[in-house]
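Architecture and fold: a report
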Amino acid sequence: MADTAGPEPIVASARPEGTLTRLMRRPLAVIGFVLIVVTVGAAVFAPWIAPFNPDDQMFDGLTLQGAPMPPGGKFLLGTDLLGRDLLSRILFGARTSLIIGLVANGAALTIGTVIGVTAGYFRGWLGAALMRFTDLMMAFPALLLAICLAAIFQPSLWIVAMVIAIVNWVQTARVLYTETTSLAEREFIAAEKTLGAGHIRILFRHILPHLVPMIIVWGTLGISTTVLLEATLSYLGVGVQPPTPSWGNIIFENQTYFQSAPWLVFFPGAAILLLALAFNLVGDALRDVLDPTQRGRD
Amino acid sequence: MRQEPVRAGANVIPDYLLTVEALNVSARTEAGLKPLVTDLSFSLRPGETLAIAGESGSGKSITSLAIMGLLPQPAVRVTGGRILFGGTDLAQLPERRLREIRGNRIAMIFQEPMTSLNPVMTVGAQLMEALQAHAPLGRAEARAEALAALKAVRISEPERRLSQYPHELSGGMRQRVMIAMAIALKPDLLIADEPTTALDVTVQREVLDLLRALQREMGTAIILITHDMGVVAEMADRVVVMQGGRKVEENAVRPLFAAPAAPYTRALLDAVPRMGRGEGPAARSGAAVTRLTEVTVTYDLRGGLLQRVRHRVHAAEGVSFDIRSGETFSLVGESGCGKSTIAKALVGLAPFSGGIEVAGRMLTPATVDQVRRDVQMVFQDPMASLDPRMRVGDLVAEPLVIHGIGTPETRRETVRALFHKVGLSSDQLDRYPHEFSGGQRQRICIARALALRPKLIVADESVSALDVSVQARVLALLKALKEEFGVAYLFISHDMAVVENISDRVAVMYLGQIVEMGTRGQIFGDPRHPYTRRLIEAVPVPDPTHVRSPAPLEAREIPSPLRAVGDPPPRARLVDIGAGHLVAMPPAAPG
Amino acid sequence: MLAYLARRLVQAALILLGVAFVTFALLYILPADPVRQIAGRAATAQTVANIRHQLGLDQPFLVQFWRYLTHLLQGDMGRSYMQKTEVATLIAARMPATLLLMLGAIGCELALGLTMGVIAALKRGTGVDQGLMIVSFVGVSAPQFVVGLLLLYVFAVQLGWFPIGGYGSFRHLVLPSITLGILGAGWYSRMMRSSMIDVLRQDFIRTARAKGLARRRIILRHALPNAILPIIAMIGIDIGVFMGGIVVVESVYGWPGIGQLAFQAIQRVDIPIIMGVTLVSACAIVLGNLLADLIAPFIDPRIKLR
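Quick look at the overall build of chain A now. Scanning chain A from terminus to terminus reveals 11 helices and 0 strands. Reading chain A from its N terminus to its C terminus gives the helix and strand order α-α-α-α-α-α-α-α-α-α-α. C-alpha atoms of chain A, sized along the principal axes, occupy 85 × 45 × 30 Å. Looking at chain A as a whole, 54% of its 298 residues are labelled buried. By sequence separation, contacts in chain A at least 24 residues apart represent 71% of the contacts at least 6 residues apart. As presented, chain A carries roughly 12600 Å² of accessible surface, and 68% of it is formed by carbon and sulfur atoms. Between the centroid of the 18 positive side chains of chain A and the centroid of its 19 negative side chains there is a distance of 5 Å.

The end-to-end C-alpha separation of helix H4 (residues 86-122) of chain A is 52 Å, in line with the 54 Å expected for 37 residues at 1.5 Å each. When you tally the buried positions in H4(A), you get 27 out of 37 residues, the bulk of the element.

Right, let's talk about the packing of helix H11 (residues 263-290) of chain A against helix H6 (residues 127-141) of chain C for a bit. Helix-helix packing is characterised by the crossing angle of the two axes and by the distance between the axes. Between H11(A) and H6(C), the shortest axis-to-axis distance is 8 Å and the interhelical angle comes to 125°. The orientation of H11(A) relative to H6(C) falls into the category oblique. Seen along the crossing, H11(A) lies across H6(C) with a hand that is right-handed. For the pair H11(A) and H6(C), contact is made by A:Ile272, A:Leu273, A:Ala276, A:Leu277, A:Asn280, A:Leu281 and A:Asp284 and by C:Phe137, C:Val138, C:Val140 and C:Ser141, respectively.

As a further point, take the sheet that holds strand E18 (residues 488-493) of chain B. Residue and element names in this part refer to chain B. Judged by pairing direction, the sheet is mixed, and its 8 strands sit side by side in the order E16-E17-E18-E13-E19-E20-E23-E22 without closing on themselves. Only two strands of the sheet have a single neighbouring strand rather than two, namely strand E16 (375-378) and strand E22 (573-576). Each adjacent strand pair in this sheet contributes to an overall mean axis angle of 20°, direction not counted. Here 2 bridges tie strand E20 (residues 513-519) to strand E23 (residues 582-585), and the two strands are oriented antiparallel to one another. The residue bridging Glu516 from the neighbouring strand is Val583, located in E23. Sheet strands touched by helix H15 (residues 438-450): E16 and strand E17 (456-460). Its angle to E16, the strand with the most contacts, is close to 175°. Docked against the sheet, helix H19 (residues 530-538) engages strand E19 (505-510) and E20, running at close to 105° with respect to E19.

What the rule picks out here adds up to 10 cavities of 30 Å³ or more. By volume, the largest cavity is sized at about 100 Å³. Every residue lining the largest cavity is counted, 13 residues in all, and those nearest its centre are B:Met108, B:Met181, B:Ala182, C:Ala210 and C:Lys211. Elements with a minimum of two residues in the lining of the largest cavity: strand E6 (106-109) and helix H6 (171-183) of chain B together with helix H9 (203-210) of chain C. Per-element accounting of the lining of the largest cavity gives the leading share, 3 residues, to H6(B). Of the residues belonging to the lining of the largest cavity, the class tally is 9 nonpolar, 3 polar and 1 charged.

Let's shift gears to the interface of chain A and chain C. Contacts between the two partners involve 39 residues from chain A, matched on the other side by 50 residues from chain C. Taking both sides of the interface into account, the surface hidden between chain A and chain C amounts to around 3900 Å²; carbon and sulfur atoms contribute 78%. Linking chain A with chain C are 1 salt bridge, by the criterion used here. Between C:Arg190 and A:Asp284 there is a salt bridge; the shortest N-O distance is 2.9 Å.

Residues and elements named next belong to chain C. As assigned here, chain C comprises domain 1 (2-73) and domain 2 (93-299). Each of domain 1 and domain 2 has a C-alpha centre, and the two are 33 Å apart. Facing the 18 residues of domain 1 at the interface are 15 residues of domain 2. Among the residues domain 1 hides against domain 2, the three largest losses belong to Arg8, Leu16 and Leu27. Together they make up 33% of the total. The interface formed by domain 1 and domain 2 includes 1 salt bridge. In this structure, Asp293 engages Arg8 in a salt bridge whose closest nitrogen and oxygen atoms are separated by 2.6 Å. Linking domain 1 with domain 2 are 1 residue pair in polar contact (both at pLDDT 80 or more). Among the elements of the structure, helix H1 (2-28), helix H2 (34-39) and helix H4 (61-73) are those that each provide at least two residues to the side of domain 1 that touches domain 2. At 12 residues, the largest contribution of residues to the side of domain 1 that touches domain 2 is made by H1. Classifying every residue of the side of domain 1 that touches domain 2 gives 15 nonpolar, 2 polar and 1 charged.

Conventions and cut-offs
Residues numbered from 1 in each chain as written. Chains lettered and ligands numbered in written order. Predicted model: local features only at pLDDT ≥ 70, side-chain atom pairs only at ≥ 80, totals over all residues. Heavy atoms only, no water. Helix = DSSP H or I, 4+ residues; strand = E, 2+ residues; numbered from the N terminus. Buried < 20%, exposed > 50% of the residue type's maximum accessible area, 1.4 Å probe, protein only. Contact = heavy atoms within 4.5 Å. Areas by Shrake-Rupley, 256 points an atom, 1.4 Å probe, with all protein chains shown as cover. Lys, Arg positive; Asp, Glu negative; His and termini not counted. Charge placed at Lys NZ, Arg CZ, Asp CG, Glu CD. Expected span 1.5 Å × (residues − 1). Axes fitted to C-alpha atoms, helices over the stretch in contact; angles between N-to-C directions. Parallel < 35°, antiparallel > 145°, perpendicular 65-115°, else oblique. Left-handed = near helix turned anticlockwise from the far one by under 90°. Pairing = 2+ DSSP bridges. 1 Å grid on protein atoms, 1.4 Å probe; cavity = no way out; pocket = protein on both sides within 12 Å on 5 of 7 lines; lining within 4 Å. Points joined across faces, edges and corners; volume = space filled by probe spheres on them. Nonpolar A, V, L, I, M, F, W, Y, C, P; charged D, E, K, R; others polar. Buried area = accessible area lost by both parts, 1.4 Å probe. Salt bridge = Lys/Arg side-chain N within 4 Å of Asp/Glu carboxyl O. Domains from an automatic or database assignment. Polar contact = N/O pair within 3.5 Å; in protein donor to acceptor, adjacent residues only side chain to side chain.

Okay, here's the thing in structure tokens:
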């Protein structure tokens, strides 16, 4: 019904708008975007905007009874069990979260894309082998595997990033596998084959460009998963090790005291939630804008 | 252009069942309200069949949805006019009251029987539900009524159908179920929106005959929405022709076909391909560009614990023919007969056994790249076969780039020339496929297929998705290009009328095998195989004075091409009955 | 059907073998030495070597793996290095608690997620829809340990409605189930919403409307059964997510399940327990997926198991 009528007119094309413009028209995406910018700003400028050194165990950072200081006054968000300024630790913790979010997720995305697209396009024994391997990885309880790996290697920032990448590529691989198989069956790919195009040309000129929006979307959503996984590992004590501040290990260090000093859980917890939420909001909006199969869902 | 309505619909005469007055339907878009139907008026008497005919975008389907109150609100809604049904204005009726009328006094059947039934409910449950929504029936009574409705539509084994799911039925049977559901409560008005468009021609015949028989038995009025002037001529008492959301002409069916008043109607009727009796020049006798010998394509179905091949789909079985240079050779048949499989095998997209020879070269995995320069393909859906992310100029240049022909400058020149040949302007080279209409996109595909100067172009249902007026122009283009480039066509189609108009020689396929082959004159003027006859007789004739012999109403089903391993289908033997007219002798005759 | 089941079980066995091999290999290359842990810091080299020999850890890798496998097939998962108890006994003792927690979480996920998703789809584009979707976003973005600690602080510490931790009564179950289920509830509500919106656009919904059916019946009888299909497949995959989640949730609430067991074992390099828990988890994941695939044909008759 939507097809235009009559003697073959040129269908008036909607003026192509930038992805960013369309993104910025969504209030939720804007909120997410702002949160991300704020976090990146905090991470980059932490040395200048943090009121104290995050590792300083300050003499006046504890009450006379040795308890942490509540929020307000000199220490805006209070202090932790060792008398360190919580705000400063959270600001520096943003660096940990973002570095891991970008590095681990970048690596996971790369592995997932290569495996998913190869398996989806070539099928046959290669595709079957790759997908059986993916099934095997699916059967591992991801967090348990990550804990094992993190316990094996002495956890450092980079090791934690790699561990997260190893358990996190599976989802991307599965999604891109499905998408690639359905793309490979599309008629325009068959048409390319009848023109005599080879695998390399079809893969890079016709399949990958169609996958880019999806890769961007999953890349963005994946950062959120990664941030949560890092926080969880650090909370369990097998992630980023103190004294390097991470939002997860701040809670890990202080949870024994959380009944009397709930802000030590609340503030870093809120930071994790907001950053993960921000990437989820932006990723979801990107999906609506970029992914034609999802268009018109909202 | 716009005509005054033949009869003003404003005066409400009580003996009308339905009166549509100055109906306006609009869609809400970012650019404001976009009219889809403008000032449409018509009336319908009890027991009458009114056809609303038009091409895509004419607003005919929107009109039917407006009457049913099924417009996709709030985006699309009635913005003016009245729809009077038995004295009430349906356009003003609240949803609750409309629900009492829907399915009860006005029923509707849709184009796609495949998707119009709920896949997870049995046929019986869906039928009984329709009955129980309007009549206080118990389970047993509803079941009895549902069974009666299935019997009324002459479905085979009606008892068994009740407990089956839609996916277990063929397309024709599903449409019968839809009709059973619609007529179960004996409505006053039945709206049929392209009820046979998705069906094969022989099934279409059965469904049309059934609709007419039911109307005679029950006296239901029918609004038939269709693009097919043949269906209009066969079914309608009166016709409303629509274009661009407006009525351009309304008349009784005979005078409308005999003396169309509006220029649009005239153009539409002129564009409709008609079946003659197969006259025309005899087949050319050139050298063969392509020769298929005993081509068989099977697909394996695996099953069991070890995933061994248990069954095979015999998509094509022992197909042999040759195409001579400069000739249009057509393969016709209904869905699943293997005609598209042959096309795929020919362009190297489907593995086959047997021999395919193109321009003196056998097609093997080793030679497929060279052979592809001589055989190009034009697909059914031009939008799907063009990479939506590439500019059309690059798309047409693609085969030249792949085969390393020319420099970027000379390629650009070639593409420019090709664009002119297919009737497009070369200043459109930098646009994207979605900026073109369906017919233009198919022209782009044709230009791309011509770029390598192939000897054979395989056109797989290439005009089937186009409106008739566009279709006529694309067919004319194909004819002209044949003369100019000396290319041969393998033309694959389900549309007998189109095939008769374009072909030099024709092969009829049934269940993966050729059952009859000959010149256009032999096939259409003197069809011998019972299946060929059935196909030809089934085509609706765009002439209301045409008298058709009464046919049986029972559904006939095509047997499955799925067979156990080691049990290949019996081969038909083709016998020459004179002058190269080949006819299959049994066993391949249909039931 | 039987052939399908047999094939799937063979596949499952192969996957479990793969999981066993990979885990065993990972633990073999572990830099932390379990023998040192057992023997203690003061032990002499001779004691260490004795213990190593006792445990068979001085044998080549493949021999160790083969011995583990053959024992496993007889139902013997070995003994814990630290607790000197049969691993199978340890896991069996803690399994009921974990299963109970997972059941509670699945119930919470489905009840919250499906309801929110259906309502959002029906109220599509309204404030209700947007509000629900923001809630679901918060659900998928909230770290489970933070949710757990906060729920504990508010409802147990401050309000005193629920016990602070432990295991036993229904009241003990509520907070851990919600904590574990909130993530899935977020995903399910989003999936259910988009699935429902897709289904509501289908031709057969239009047919149902054309029959004059009531809106309620169209939604419950026609839309819902079709929309729920992708969710069923998800529940299978979800078991894997749960297996990770229980480590966190059990540690926050002091819930005596296999999550805690695993976590303690990892910290003490108690290899037989780590192996056992990983295998049991993998088993649960594989079986969960199989179960989801087996249920699907009952909801959608088009699905054939081959």
